[in-house]
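Single-letter residue listing:
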Amino acid sequence: MSAMWSEYTISGVKINFPYKAYPSQLAMMNSILRGLNSKQHCLLESPTGSGKSLALLCSALAWQQSLSGKPADEGVSEKAEVPLSCCCTCHSKDFTNNDMNQGTSRHFNNPSTPPSERNETSSACQDSPAKNTLAAKLSAKKQASVYRDENDDFQVEKKRIRPLETAQQIRKRHCFGTEVHNSDAKLDSGKTIKLNSPLGNINSLSPQKPPGHCSRCCCSTKQGNSQESLNTIKKDHTGKSKIPKIYFGTRTHKQIAQITRELRRTAYSGVPMTILSSRDHTCIHPEVVGNFNRNEKCMELLDGKNGKSCYFYHGVHKISDQHTLQTFQGMCKAWDIEELVSLGKKLRVCPYYTARELIQDADIIFCPYNYLLDAQIRETMDLNLKEQVVILDEAHNIEDCARESASYSVTEVQLRFARDELDSMVNNNIRKKDHEPLRAVCYSLINWLEANSEYLVERDYESSCKIWSGNEMLLNLHKMGITTATFPILQGHFSAVLQKEEKISPIYGKEEAREVPIISASTQIMLKGLFMVLDYLFRHNSKFADDYKIAIQQTYSWTNQIDISDKNGWLVLPKNKKRSRQKTAVHVLNFWCLNPAVAFSDINGKVRTIVLTSGTLSPMKSFSSELGVTFTIQLEANHVIKNSQVWVGTIGSGPKGRNLCATFQNTETFEFQDEVGALLLSVCQTVSQGILCFLPSYKLLEKLRERWLSTGLWHKLELAKTVIVEPQGGEKTDFDELLQVYYDAVKYKGEKDGALLVAVCRGKVSEGLDFSDDNARAVITIGIPFPNVKDLQVELKRQYNDHHSKLRGLLPGRQWYEIQAYRALNQALGRCIRHRNDWGALILVDDRYRNNPSRYISGLSKWIRQQIQHHSTFESALESLAEFSKKHQKVLDVSIKDRTNIQDNGSTVEVISSMDNTPAFLLEAASHLSPENFVKDEAKMCVQELQCPEIITKNSPLPSGIISRKERSMSSAHLPLMEKSFIVFSEMIFIWV
């Protein structure tokens, strides 16, 4: 391990951290480990930019590895001199297929070997010059001190010191076993894999460890580990370890990519992992990629319909185990889904099913969190969460996601299509006894839908509906013959029709199977969703029936059709293909779950620990009651920045003195629209670089845009900055291109001073995107983003909470409604201030904040509440904002100027960061060496309690050459490679000669 890394012992677990942890990170890790050790659930808020993801990953993986006695820094702390082959007795002979296929532990493939023998063998095998180095002696001394005080939480362990390595040495040390050239070689699943590398003779069933380590005799276990730690693994009757897997869920695939990048920076980057994703992100079959519904097309290929099959699927065995995957270049450390897709294309292997196969030997599984909450997806992915650890990051939307997971909607068109297909199966005498009951369900629902469509109540323009409670719907289902008694029988019929083969009568005494046609993928998906929601309604003696509302909605869709009939009614092809618009009624049957605890009931009580975390959980009081989960451990962490780095203010009036209250009535007026436009222009002329402006809805965004275009204000905004507008809907690639235009406008500013991005709360821009440094020097929020009060589901949810507030302890409907607005607001404000050295302004435009702070300020995140200032006039706010911006911009300009004049001499500390050559943890360490903290406490960071030749003291002169993470763009082409790749501390910390 590098001397720059820190080690902490928290709740008896040693955690390796890439740098000195912030106080908020220590608090996070302490809370997580308390929850993991005591099997309690955690609700943790830590502001964006405070290193929340690293704290989650390091603490959870350290705890997991402590159960197996594995070294936490495996794959990172090994020196390059360590022999590539193992000299232990268990590798002195070749193993047969039977040896490898026994149900042994994932971590220890030879559990019968006594721990004492394993330790002795380990000592013999690892007898190398590295043992006698100063680093090894200090490590042994450190380990002894740990055992003297095991119960000291937050104990900062002494650092192990070793000379800095070159970038080439680090790369060799991380991936010394990955030179695989025959990537297209065929791999037989039942044979030992022989690769064209020095590691080709190592047993292939060691998914837990990268090549070079022995999992059969625990050769990778360090001498410092106690014998007891090797005996902590509990095994079931099959001999497999019961070490919990970690399911790490977050909201989007983009956020998963950010998490895996963070994991790559840690000592745990070599952990066996996988990423679950949809076919939209992972399918590489050319016929499926171009299809509108990839799920259905993929299932059709797997079913072999039309004589076609998926050749990518049949190649999954090539990389379906962790060990084989890690032998490929770039996959020995934490990888992203795009890297798996790239490898899949190269090897002609399906990434979608490969990721699913990798679950078996993975220690941590990343996925969107609806994969964990949605019963259908859990069943499809074959996810068993019993006694596992579930971490849900960015969980501010978890209540909505849980309700959606237990809800289902089906159109009349879908029901009719399924009915016709089932009818065809019955008429062709294909599994008639199984298809008939399913067809009857479709017929009953269609008839009920048609009968009740006449009694719909109009709600809005061309929109009408009728609503039933869950219990009322049970009575209707009973009339259709669908009851608590008959539903399990229907489930059995449905399972039967999905079987692709059936046994036939024995011929010549031998039983055979034949292929049977099955229903289409679209009908399968529809029936699975319908049966999922019916299962919730009937479960536990209809316990959840009161949590549902069933609604028939009627809307209209306009379609363009070619008029192909003549005056006599004969079908003809028109010469000019005249088109006519036709209005068609669309009926939708909705099963809406209003209680997120319904979906959580599947995992609550089964999993070991649930950890909900986000930068914007506030207000936190609704989670326990809404989710039905008791969060024993809760935390609201402070931000890592100083108060001087952020400007937080509310503005209740514009440049002309008009009050700005963004209620629906006010936003319709030209006065409000013009005043907001003038305010936005003033801020754009005051704050340089990038500015984000968030509005409550797309509807208001379009109104303001139209008004500003007509008045000429939009042109003035474009003169000041490049103006980008967030699109509603559209393709992901189009959105990514638009974001890149914004980033480029900020980075390469010409005549214009940066860019303005106008977006919407709860939109794509407000969720999970990183606008660090110049990309967001100010975030402006207009109004308070309350949900649409006229939305039918919002209305029903408010009524539901009012009805159950006293009995179940739910928040009253009004409080729930307001909390939704605050969470969306906090999420938008969190786009600014993304790391410790960042700075920016948060501008909240609405006079309700100042007039009623107890109501409208209390829902904001803790770190924002603590610093908010109310400005009585726009002039005072703009003056304060200008002073703040100029002050920090001046500091930034000075640092950039100084950076170009850095001299390479013995009295200057140089932090030279190269994105291509410098390890990520060194870049992070550099970013934490701010002058203020360096003098106060960083002096002891690397040499705490150790006797070293040279240590910085509080009286040391302040270095002038420290470069923060913001200043990585410094040209360093004239410097030698060693100086480019590492941080040289002369006179600041000890130097080993």
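Residues numbered from 1 in each chain as written. Predicted model: local features only at pLDDT ≥ 70, side-chain atom pairs only at ≥ 80, totals over all residues. Heavy atoms only, no water.

### With respect to the overall build of the protein chain
Stated precisely, the cut-off is as follows: The secondary structure listing takes helices from DSSP runs of H or I that are at least 4 residues long and strands from runs of E that are at least 2 residues long, numbered from the N terminus. For every residue, the accessible area (1.4 Å probe, protein chains only) is compared with the maximum for its type, and the residue is labelled buried under 20%, exposed over 50%, or partly exposed between those bounds. Contact definition: two residues touch when any of their heavy atoms are within 4.5 Å. Working definition of accessibility: Shrake-Rupley area with a 1.4 Å probe, residue cover restricted to the visible protein chains.
Counting its regular elements, the protein chain contains 38 helices and 24 strands. Within the protein chain, the fraction of its 993 residues that count as buried is 56%. Counting only contacts in the protein chain whose residues sit at least 6 apart along the sequence, the fraction spanning at least 24 positions is 79%. Accessible surface computed for the protein chain: about 44800 Å², of which carbon and sulfur atoms make up 49%.

### Observations concerning the pattern of salt bridges
Defined as follows: Salt bridge, as used here: a side-chain nitrogen of Lys or Arg that lies within 4 Å of a carboxyl oxygen of Asp or Glu.
With the rule as written, the count across this model stands at 26 salt bridges. Note that Arg 777 and Asp 838 form a salt bridge whose closest N and O atoms lie 3.0 Å from each other. Note that Arg 777 is positioned in the loop between β21 (755-760) and β22 (778-782) and Asp 838 in the loop between α31 (813-829) and β23 (840-845), a separation of 61 residues in sequence. Note on accessibility: Arg 777 and Asp 838 belong to one class, buried. Taking the shortest distance from any N to any O, the salt bridge between Asp 846 and Arg 848 comes out at 2.9 Å. Here Asp 846 matches Arg 848 in class, with each residue buried. What you see here is one network of salt bridges that share partners, running through Arg 378, Asp 535, Arg 539 and Asp 602.

### Thoughts on α31
Basically, it comes down to this: Here a helix's expected span is defined as the number of its residues, less one, multiplied by 1.5 Å.
Helix length check: α31 (17 residues) gives 25 Å between terminal C-alpha atoms against 24 Å at 1.5 Å per residue, within 8%. Most of α31 sits out of view: 15 of its 17 residues are buried.

### What to know about the sheet that holds strand β16 (residues 609-614)
Sheets are built from strands that pair by backbone hydrogen bonding, the pairs being arranged parallel or antiparallel. Definition in use: By this definition, two strands are paired if DSSP reports at least two bridges between them. Here an axis means a line fitted to C-alpha atoms, over the contact stretch when the element is a helix, while the angle between two N-to-C directions is reported on a 0 to 180 degree scale.
Pairing in this open sheet of seven strands is parallel, and the strands run β6-β7-β5-β8-β16-β3-β17 from one edge to the other. The sheet terminates laterally at β6 (273-275) and β17 (633-636), the two strands that pair on one side only. In this sheet, neighbouring strand axes are inclined to one another by 15 degrees on average, regardless of whether the strands run parallel or antiparallel. Across four bridges, strand β3 (residues 42-45) lies against β16 in parallel orientation. Among the inter-strand pairings, Leu 44 is bridged to a residue of β16, identified as Thr 613. In this fold helix α8 (residues 253-264) packs onto β5 (246-250), β6 and β7 (364-368), with an angle of close to 155 degrees to the strand it touches most, β7.

### A word on the environment of Lys 790
Secondary-structure assignment places Lys 790 in the loop between β22 and α30 (792-808). Separated by 330 residues in the primary sequence, Lys 790 and Asp 460 place their C-alpha atoms 9.2 Å from one another.

### Structural notes on the sheet that holds strand β19 (residues 690-695)
With respect to topology, seven strands assemble into an open sheet ordered β20-β21-β19-β22-β23-β18-β24, the strand pairing being parallel. The open sheet has two edge strands with one neighbour each: β20 (722-725) and β24 (869-871). The sheet shows a mean angle of 20 degrees between the axes of neighbouring strands, direction not considered. The pairing of β22 with β23 spans five bridges and is classified as parallel. In the sheet register, Val 779 faces β23, and the bridge partner there is Leu 842. Those strands touched by helix α26 (residues 670-686) are β18 (646-651), β19, β21, β22 and β23, and its axis lies near 175 degrees from that of β22.

### Considerations on the packing of helix α21 (residues 487-497) against helix α22 (residues 521-542)
As a reminder of what qualifies: Angles below 35 degrees are treated as roughly parallel, those above 145 as roughly antiparallel, those between 65 and 115 as roughly perpendicular, and all remaining angles as oblique. Take the far helix as the reference: if the near one is turned anticlockwise from it by less than a right angle, the crossing is left-handed, and if turned clockwise, right-handed.
It is the contact of α21 with α22, at a shortest axis distance of 11 Å, that shows an interaxial angle of 155 degrees. One way to sum up the angle between α21 and α22 is to call them roughly antiparallel. Crossing geometry of α21 relative to α22 is assigned as left-handed. Taken together, the residues of α22 that come into contact with α21 (itself represented by Phe 487, Leu 490, Gln 491 and Phe 494) are Gln 524, Leu 527, Lys 528, Phe 531, Leu 534, Asp 535 and Phe 538.

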